[in-house]
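# A closer look at the structure
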Amino acid sequence: MKELRLMKGNEAVAEAAIRAGADGYFGYPITPQSEVLEYLMTEKPYEKTGMVVLQAESEIAAINMVYGGASCGKKVMTSSSSPGISLKQEGLSYIAGAELPCLVVNVVRGGPGLGTIQPSQSDYFQATKGGGHGDYRLIVLAPASVQEMADFAKLGFELAFKYRNPVMILSDGAIGQMMEKVELEEQKPRWTDEEIVEISPWATTGKTPDRERNIITSLDLDSHRHEKHNEKLQAKYKKIQENEVRYEKIHCDDAEYIFVAYGTSARICQKSIELGRKKGIKIGLFRPITLFPYPSNALRELSQGLKGILSVEMNAGQMIEDIKLSVGTTFNVEHFGRMGGVIPTPNEVLEALEQKIIGG
Amino acid sequence: MTEEIIIAGFGGQGVLSMGKILAYSGMMQEQAVSWMPSYGPEMRGGTANVTVILSDGRISSPILVEYDTAIILNQQSMDKFEHAIKPGGLLLYDPNGIIKHPQRKDINIYSIEANEEAAKLGLSKIFNMIVLGGFLKIKPIVKLENVILGLKKSLPERYHHMIPDNEKAITRGMEIVVEKNVAN
């Protein structure tokens, strides 16, 4: 039976990870995501399911512990907030290169640098376009509620193992800190050693006489072989783009204008829609749930009946590039955002639509 | 029904936990709820606030700039939130420490001497429950039985012996809340 609780987003992702049968969490505290580690330390899953919870000596250590755990076919994760996620980029590039599954949670705060501890969405480029070096992609899930923080822990692990690829939950300080009702799934048992061999035959589980050595590495000094490896990665990303696009449309049926927004911005836009519709403006919301793969085709299709799109982000305008790639640069698209940890108000979002798109 | 509430005061007054109990109470009667705290510099500087929304439908933004109700427990919060109440909305405040009383005529204003009452009862810890009682007298959006259920859910079991005191505080709050202005 499902269980109903009132929880913070940070607590929900931690509890859902335990229930999804995670084998290990490795992290380092940073506001506004410290509750993930705190919750796990309070819950002591190592006494119940055997899941390891470890506060590493740094973010870099934590991501490399994830690299090690993932190499053995274990369900492992880490979480941090923006400056800490920057520190993990080298590890993420290696994990993507070595084609390993893992879950990374970024509860984004304002940057650049140490920036601020308040909510932001200024890590969109980093999450969706690379972040670390090399031609790689993360699968990026953007929760807009505490419920989705929980749901995406399970979904994240599923996608990570389906594609042998790191998955990022790109959240923000508001979703992490707020409490909402959340329905939790039943506890799933952790995989046994036998199940791991069956599910992940590539994992370094100990060589047996009936197979070759499993080697986990991101290094290949033969350029032609390494090009083949890159082609394989690109083919995988294409498959992800074909099969894993997720999005939500709200009040789009009769809409003349839409907001495109994810995460906290998407919640604020829903209030702007309430305000706008009271004034007779036919307005809807297109909410990308996967930021990579971006729901380009669905947005292009939707845009055909529209007069304009306002991209609403808590940054200087990052996702708008993907919107323009989807609908074309001649389409009436503008950006509205606040930076540095300031959350836009529903009223100013609506005003921006009226001035930049309807009046523009 | 949707009720959008800001509760604001000093850290330590039980602002966040009052919000939490309200959110739990809404959950007990199967409403959608959200609880969005201030975190960071403002909290570290001594003031704390929390936005609580209870709704029969889906909650859009958990972060707001206009409220149906503001529960104000210090002067800084009065300065910040008096103007943020929707016309016809509710302002409930404890006059203790307030030097500039609210001026608006287009909102309903109530005061509650919760600080003084808590001291009289010798129960300073349930100050916030007296305020909550005052609020529920004016706007009975959650049933008392659901508040008690909410308390049971939100308090660790070692504090459950304090629930009768909390209930007493809520009832007392209902008795001592005073009307100051009726919206024109």
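Residues numbered from 1 in each chain as written. Chains lettered and ligands numbered in written order. Predicted model: local features only at pLDDT ≥ 70, side-chain atom pairs only at ≥ 80, totals over all residues. Heavy atoms only, no water.

## A short note on the interface of chain B and chain A
Chain B puts 26 residues into the contact, and the matching count from chain A is 28 residues. Of the roughly 2200 Å² buried between chain B and chain A on both sides combined, carbon and sulfur atoms contribute 62%. In this assembly, chain B and chain A are joined by 2 salt bridges. The closest approach of N and O atoms between Lys 271 of chain A and Glu 4 of chain B, which form a salt bridge, is 2.5 Å. Where chain B touches chain A, the interface holds 11 residue pairs in polar contact (both at pLDDT 80 or more). Counting only elements with at least two residues in the side of chain B that touches chain A, the list comes to helix 1 (15-28), strand 2 (32-37) and helix 2 (41-44) of chain B. No other element matches the 6 residues that strand 2 of chain B contributes to the side of chain B that touches chain A. (Contact = heavy atoms within 4.5 Å. Buried area = accessible area lost by both parts, 1.4 Å probe. Salt bridge = Lys/Arg side-chain N within 4 Å of Asp/Glu carboxyl O. Polar contact = N/O pair within 3.5 Å; in protein donor to acceptor, adjacent residues only side chain to side chain. Helix = DSSP H or I, 4+ residues; strand = E, 2+ residues; numbered from the N terminus.)

## What about the pattern of salt bridges?
This structure, assessed with the given rule, holds 36 salt bridges over all chains. For Lys 154 of chain A, the salt bridge goes to Glu 158 of chain A, with nearest N and O atoms at 3.7 Å. In this pair, Lys 154 of chain A and Glu 158 of chain A are both assigned in helix 8 (residues 146-163), 4 residues apart and thus about one turn of the helix distant. Relative accessible area serves as the criterion here: at 27%, Lys 154 of chain A is assigned to the partly exposed category. A relative accessible area of 40% means that Glu 158 of chain A is categorised as partly exposed. A single network of salt bridges, built from pairs that share partners, joins Lys 271 and Glu 274 of chain A together with Glu 4, Asp 68 and Lys 86 of chain B. (Buried < 20%, exposed > 50% of the residue type's maximum accessible area, 1.4 Å probe, protein only.)

## What to know about the domain arrangement of chain A
All names here are of chain A. Each assigned domain of chain A is listed here: domain 1 (3-193) and domain 2 (248-358). At the interface, 29 residues of domain 1 touch 25 residues of domain 2. Between domain 1 and domain 2, roughly 2100 Å² of surface is buried when both sides are summed, and carbon and sulfur atoms account for 53% of that area. Ranking the residues of domain 1 by area buried against domain 2 places Gln 121, Tyr 124 and Phe 125 at the top, with a combined share of 33%. Seen at the junction of domain 1 and domain 2, the total is 3 salt bridges. With a closest N to O distance of 2.8 Å, Arg 267 and Glu 180 form a salt bridge. Where domain 1 meets domain 2, there are 17 residue pairs in polar contact (both at pLDDT 80 or more). For the side of domain 1 that touches domain 2, the secondary structure elements donating two or more residues are helix 7 (124-129), strand 6 (139-141), helix 8, strand 7 (166-172) and helix 9 (173-177). Of the residues forming the side of domain 1 that touches domain 2, the biggest block, 4 residues, is contributed by helix 7. For the side of domain 1 that touches domain 2, the residue count by class is 15 nonpolar, 8 polar and 6 charged. (Domains from an automatic or database assignment. Nonpolar A, V, L, I, M, F, W, Y, C, P; charged D, E, K, R; others polar.)

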